[in-house]
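As a plain string of letters, each chain reads:
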2 protein chains.
Amino acid sequence: MSDLPQEIEIREEGPREGFQIEPGPIPSEAKIRLIEALAGTGLHHIQVCSFVNPRLVPGWADAEAVVAGLTACPDVHYTALWFNETGLNRALAFRDKLTIAGAIALSASEAFTRKNLNRSHAENVAAMRKQTALHLSHGVLVSRIGVMAAFGCNYQGDITPLQVVRTLEDGFAIAAEAGTTITEISLADTMGWAMPLRIEAALGAVRERWPDCRIALHLHDTRGLAVANAHAGLRMGIARFDSTVGGLGGCPFAGQKGAAGNICTEELVLLCEEMGIRTGVDLDALIEVGRMAEAIVGHQLPSELIHAGSLDAFRRRAA
Amino acid sequence: MSDLPQEIEIREEGPREGFQIEPGPIPSEAKIRLIEALAGTGLHHIQVCSFVNPRLVPGWADAEAVVAGLTACPDVHYTALWFNETGLNRALAFRDKLTIAGAIALSASEAFTRKNLNRSHAENVAAMRKQTALHLSHGVLVSRIGVMAAFGCNYQGDITPLQVVRTLEDGFAIAAEAGTTITEISLADTMGWAMPLRIEAALGAVRERWPDCRIALHLHDTRGLAVANAHAGLRMGIARFDSTVGGLGGCPFAGQKGAAGNICTEELVLLCEEMGIRTGVDLDALIEVGRMAEAIVGHQLPSELIHAGSLDAFRRRAA
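Residues numbered from 1 in each chain as written. Chains lettered and ligands numbered in written order. Predicted model: local features only at pLDDT ≥ 70, side-chain atom pairs only at ≥ 80, totals over all residues.

(A) Region of the structure containing the sheet that holds strand S9 (residues 214-218) of chain B. Residues and elements named next belong to chain B. If you trace the eight strands from one edge of the open sheet to the other, you get S3-S2-S1-S10-S9-S8-S5-S4, paired in parallel fashion. The strands lining the two open edges of the sheet, one partner per strand, are strand S3 (77-82) and strand S4 (101-107). Averaged over all pairs of adjacent strands, the angle between their axes in this sheet comes to 25°, without regard to strand direction. (Pairing = 2+ DSSP bridges. Helix = DSSP H or I, 4+ residues; strand = E, 2+ residues; numbered from the N terminus. Axes fitted to C-alpha atoms, helices over the stretch in contact; angles between N-to-C directions.)

(B) Focus on the relation of the copies chain A and chain B. The transform that puts chain A on chain B rotates by 180° and translates by 0.0 Å along the axis, for an RMSD of 0.0 Å. Such a combination of turn and shift is consistent with a two-fold rotation axis. Identified as the residue of chain A closest to the rotation axis by C-alpha distance is Ala228(A), at 2.0 Å. A high fraction, 100%, of the interface residues of chain A reappear at the interface in chain B, so the copies pair face to face through one surface. (Least-squares fit on C-alpha atoms with pLDDT ≥ 70 in both. Contact = placed C-beta atoms within 7 Å.)

(C) Just helix H9 (residues 226-235) of chain B, in detail. Residues and elements named next belong to chain B. Counting buried positions over the 10 residues of H9 gives nine, a clear majority of the element. Every buried residue of H9 is accounted for by Ala226, Val227, Ala228, Asn229, Ala230, His231, Ala232, Gly233 and Leu234. Two residues or fewer past H9, glycine 237 is found with a positive phi of approximately 90°. (Buried ≥ 20, exposed ≤ 12 C-beta atoms within 10 Å, placed from the backbone.)

(D) Examining the domain arrangement of chain A more closely. All names here are of chain A. Looking at chain A, the domain boundaries give domain 1 (7-99 + 244-319) and domain 2 (101-240). Distance between the C-alpha centres of domain 1 and domain 2: 21 Å. Those elements that place two or more of their residues in the side of domain 1 that touches domain 2 are helix H4 (85-92) and helix H10 (265-274). (Domains from an automatic or database assignment.)

(E) Structural view of the interface of chain A and chain B. Tallying the contact residues gives 46 residues for chain A and 46 residues for chain B. Residue assignment for the side of chain A that touches chain B shows that the elements contributing at least two residues are strand S7 (157-158), helix H8 (196-209), helix H9 (226-235), H10, helix H12 (305-308) and helix H13 (311-318) of chain A. Per-element tally for the side of chain A that touches chain B: the top contributor is H13(A), with five residues.

(F) Spatial organisation of the environment of Ala230(B). All names here are of chain B. Relative to the assigned elements, alanine 230 resides in helix H9. Among the residues examined, alanine 230 registers 26 C-beta atoms within 10 Å and is labelled buried. Each C-alpha atom, one on alanine 230 and one on arginine 198, is 12 Å from the other, the two residues being 32 residues apart in sequence. With sequence-adjacent residues up to four places away left out, alanine 230 is seen in contact with Leu217, Leu219, Phe241, Ile263, Leu268 and Leu271.

(G) Layout of helix H7 (residues 161-178) of chain A. All names here are of chain A. Here H7 spans 26 Å end to end across 18 residues, near enough to the 26 Å set by a 1.5 Å rise per residue. Among the residues making up H7, those that are buried are Pro161, Gln163, Val164, Thr167, Leu168, Gly171, Ile174 and Ala175. Projected down its long axis, H7 carries its buried residues within an arc of 160°, all on one side. Opposite the buried face of H7, by more than 90 degrees, sit the exposed residues Leu162, Ala176 and Glu177. Looking at the packing, one finds that the buried side of H7 touches strand S4 (101-107), helix H6 (121-137), strand S5 (141-148), strand S8 (184-188) and H8. In the stretch just after H7, glycine 179 is the one whose phi turns positive, near 75°. (Expected span 1.5 Å × (residues − 1). Arc of directions from axis to C-beta.)

What follows is the structure, encoded as structure tokens:
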């Protein structure tokens, strides 16, 4: 138990993940309302939009309107996602409001890279080399490598820790060539293949190879194991997690429509707080925001906790 | 890891839990179809109905019709639930088809006993004393003590391992007085208060006091932590779990309507099989039954896995 972190950092991705996948259209005003409410819960990192091609992702055609419209809290990092120079330039237009950071994004599954990006792994490495140079030339920090499908892939099957390490080696080579230092590795369970033993094995292998890097987990609840996987990560000392309020988002690669998305922020917060790990988040306030998210998207979200209420609320009533 | 069981026994409670809480009416034919499909997945214990007052639980007014109508598999134990002599006699009428066993059912929370049964704990102990004698007088085995609200209670707040041990002591006293031997203790997280550390603490205390008793876990996913809690139980060597296909059921004590019910059988099976723990269940067949359950109740069930598909299905496609 000595490995448990004292506190964790949560990167809330609900707005970006959620509004990307919902059929919508969801008014910019509702998106801004959700983001501002999230900032009021104590979350310090909120991914607010994607600067992507509006023809491909119509849910984020209003990215500029959302960023321009939101009232920023001084102690909150607002982040965004982009995949190319056009997107980066759109993000840089909000340099005063957004925390702009680049990442080297690779996948441990070549089959997924082909399916998702229509590129081979080698082509993707070349693209990331270019993108890293582009980021650095704009003065944008690149200190993170993200590995998608790090625990398994619907198109390739199981992924071994060795495949994760090799993918990361490619990422470190890109960084070294560009002259930038990697301080964080993010392992993503993009399609819900992780389970606790697989989390432990991958974290062990990555930590042994890069002991000085912080590791973050990006978990999906595709098959219902996300909280158990987060617990395995916490036990290994992991202190950075991506999550989405209400479990906003989904999985376009699942076998059926209606598959769950990311781990729910409020269930992650509950788990941590009950373990004595600080999150800085007011869980009751966050549950209210989860209910707001459900009202905005107009259908039930995967989070169980927003339907049940927090333990503290019942503790207060019972006292 | 040496504590991991090699195999687990799953008691499927989906039909009983699910059809009790659904507004319905659900035709007896559909209930029978679900039970027979469950028996085809490799599950060996299926709780098929409640013999309760049809005015209070209209969803089980057709208990007799369901038991009479189902074609029993020889290697499956079909069980039922009842709370009084009338119910027991209704169950005993199907002695040839049902596995009839009694239990001493107590709650670690006096507030819950009052809310749920309108009795004090002492009154409930007296009632259980009577019921145990009644069971034994009918030649019905009573070898199990069940403790509800063993990890916390919406009406009383946190429950300590000591409170669980004391509740069990009352149960063992009832058994000793009646001259019956207890071989199994079942701890129920009736309102979703458990988390892994609390599971470990309660199991440790109970096991230290009664090292020769098998312990079963009855987990609810009210706040999304059920799979993490099952994992904690498995790591402590627990090898008996109640669960419901698709997560059928619900929580009438939750803060809001729509709260989740028991841990999903298919997510428990996935977790175990991926850990190398045998369940005897064909997961792909079970996922199909979960989808059937969803069609029967006419709304989305909490199980994420039935929407995503099993890993093995994707492994076969990827190979």
